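Chain by chain, the residues run as shown.
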Amino acid sequence: MPIYKANGKKDGLQKYKVRINYISDSGESKQLTRIAYGIDSAKDLERQLNQELKNNEIILAKKMTVQELFNEYIEIKKFEVKELSIVKNINDFNYYILPIFKNHYIDKITAKMLIDWKIELEKKNLSLNTKRNAFVEFKAMLNYAVKMEYILKNPFTPICNFKDNSIIKPKMNYYTPKEFKKFIKKAKKIAKEREKHFNDMSEWNYYVFFNIAFFTGLRKGEIHALKWSDIDGSYLTVSRSVTQRLKGGDRETAPKSKTSIRALQIPLPLLRILNKHRKRQKRLHNFTNDFRICNGVRDTSIKRKNDDIAKAIGIKRIRIHDFRHSHVSVLANEGINIQEIARRLGHSRVEITWNTYSHLYPREEERAVKILNKLSFISLHDFYTFYLNLLINRIKSILYKTNINADK
């Protein structure tokens, strides 16, 4: 059957594979497979492929360049991942892959060419994550080519991703509770003065934003998306994220992963802050439960506000994402279970949390040693008796040897 259902949907449209059988110039039986969403699109694609095959216009693997593959691959991927991820994929390809490979035919790419590409990337002043992401994305695209039967095998198969050769990992930045208290005190003072002198309550949104980041560990986009309807008593539900864009308006999406949808109990200090902020926003004539809690806060302005406050009070400047690290550091240093921290952060796997934050558990080793030190398999009396007998036997041995030498 040339058209059949495949696993997956996008925007309510069923995913279909369109497969065309044909005989090559060499007399071999071949198949050509393409993806479409929606039965109407699948039928149109089938007609188009049959027409191209009839006119001998089908682009076979030997004629497909990396650029042509990328154009098709990215169009399909738009139905499968969030817009922000697509933008990142396109940028990585444009910067690190296409400048070298765009005119290469995909069936002519060898493992040696890819190793040479890795060596060239190593020479650039790029972060390990940037290099690894480029590797993963390039490999994924060629996996797609294999899946679509454009090439027989992926030349990336025998090649490993970039490795961390550094001995010392960069130190993670975060605020201690003492530092955050100093930071947030200044943010509150700014908000109070702004309201008092200019009757402007907008500064309170920044104050609340920083508090939410520190007390919950939410991602920046998750905080942007929070509405008052997401708070039920002392619980806060994370069910969406907002991506801010310069053009085309902000976009509300699902969180990063399924496990990112979570409910968190709100700490009392934050709950008091939120209750007061809700009363402020209720003064607005058009207030509803669908109001964003940190209404009007933009990424650029919150970064600037963060820098200005840190500079004004003379403490180190950390990134907005580092408030998430600050949240974890408080919990980790108090021995909170790593599974609970992973749940609060919305990580899909505990390993992600542990690989990122294991160094924040310095007390665990001390506690382990203290527990082992308390273990006593023999009584104190037996302990002293053992060593006294050991000492007596040692003395007897020395005296025995001395007497033998004297007789000689």
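Everything that follows concerns the structure shown earlier in this document.
Notes on the structure in this doc start here. These figures come from a predicted structure and were not determined experimentally. (Residues numbered from 1 in each chain as written. Predicted model: local features only at pLDDT ≥ 70, side-chain atom pairs only at ≥ 80, totals over all residues. Heavy atoms only, no water.)

### Description of the sheet that holds strand 4 (residues 231-232)
Spelled out, the test is: Note on pairing: DSSP must find at least two bridges between two strands before they are called paired. For the purposes of this entry, the term helix denotes a DSSP run of H or I that reaches at least four residues, the term strand denotes a run of E that reaches at least two, and both are numbered from the N terminus.
Here three strands make up an open sheet; going across it, the order is 4-5-8 and the pairing antiparallel. Every other strand in the sheet has two partners, leaving strand 4 and strand 8 (262-265) as the edge strands with one partner each. Relative to strand 8, strand 5 (residues 235-238) is paired through four bridges, and the arrangement is antiparallel. Residue Thr237 lies in a different strand from strand 8, and its bridge partner there is Ala263.

### Observations regarding the pattern of salt bridges
Inclusion rule: The rule for a salt bridge is simple: a side-chain nitrogen of Lys or Arg has to be within 4 Å of a carboxyl oxygen of Asp or Glu. A simple rule labels every residue: compare its accessible area, found with a 1.4 Å probe on the protein chains alone, to the largest value its type can have, and call it buried under 20%, exposed over 50%, or partly exposed in between.
One pass over the full model with this rule turns up 23 salt bridges. With a shortest N-O distance of 2.7 Å, Lys305 and Glu203 are connected by a salt bridge. Of the two residues, Lys305 sits in helix 10 (residues 299-313) while Glu203 sits in helix 7 (residues 203-216), which places them 102 residues apart along the sequence. Residues Glu340 and Arg343 are paired through a salt bridge, measuring 3.0 Å at the closest nitrogen-oxygen approach. Note that Glu340 and Arg343 are positioned in helix 12 (residues 338-345) at a spacing of three residues, about one turn of the helix. For Glu340, a relative accessible area of 27% corresponds to the partly exposed category. A single salt-bridge network, built from bridges that share partners, covers Asp230, Arg240, Glu252 and Arg292.

### Topic: helix 5 (residues 128-147)
Convention followed: One less than the number of residues in a helix, times 1.5 Å, gives the span that helix is expected to have. Between two residues, a contact is recorded if the distance between any of their heavy atoms is within 4.5 Å.
Here helix 5 contains 20 residues, and its C-alpha end-to-end distance of 28 Å stays within 8% of the 28 Å for a straight helix at 1.5 Å per residue. For helix 5, the set of buried residues is Lys131, Ala134, Phe135, Glu137, Phe138, Met141, Leu142, Tyr144 and Ala145. Where helix 5 is buried, its residues touch helix 2 (66-77), helix 3 (83-101) and helix 4 (111-123). Glu149 occupies a position one or two residues after helix 5 and carries a positive phi of about 65 degrees.

### Notes on a nonpolar patch on the surface
Note the cut-off: Exposure above 30% relative accessible area and the absence of a salt bridge qualify a residue for a patch, where like charges join within 9 Å and nonpolar side chains (Val, Leu, Ile, Met, Phe, Trp, Tyr) within 5 Å. The accessible surface values rely on the Shrake-Rupley method and a 1.4 Å probe; as for residues, cover is taken only from the protein chains in view.
There is a patch of nonpolar side chains on the surface, built from Leu388, Leu391, Ile392 and Ile395 and spanning about 360 Å² of accessible area. Structurally, the position occupied by Leu388 is in helix 15 (residues 380-407).

### Notes on a positive patch on the surface
Spelled out, the test is: Counting rule applied: Lys, Arg positive; Asp, Glu negative; His and chain ends not counted. Charged groups are reduced to one reference atom each: NZ for lysine, CZ for arginine, CG for aspartic acid, CD for glutamic acid.
Taken together, the side chains of Lys188, Lys192, Arg272, Lys276, Lys279 and Lys282 make up a positively charged region of the molecular surface. Elements that contribute at least two residues to the positive patch include exactly helix 6 (177-198) and helix 9 (268-282). Looking at the positive patch, the element that brings in the most residues is helix 9, giving four residues. As for its position among the elements, Arg272 is in helix 9.

### Side note on the packing of aromatic side chains
Rule in force here: Each Phe, Tyr or Trp ring, with Trp reduced to its six-membered ring, pairs with another whose centre is within 6.5 Å; inter-plane angles below 30 degrees give stacked pairs, above 60 give edge-to-face pairs, and intermediate values give tilted ones.
One pass over the structure, following the stated rule, counts 24 aromatic pairs. Where Tyr175 meets Phe183, the ring centres are 5.6 Å apart and the plane angle is 40 degrees; that geometry is what we call tilted. The same class applies to Tyr175 as to Phe183, namely buried. Between the aromatic rings of Phe209 and Phe210, the centroid separation amounts to 6.2 Å while the plane-to-plane angle is 90 degrees, which identifies the pairing as edge-to-face.

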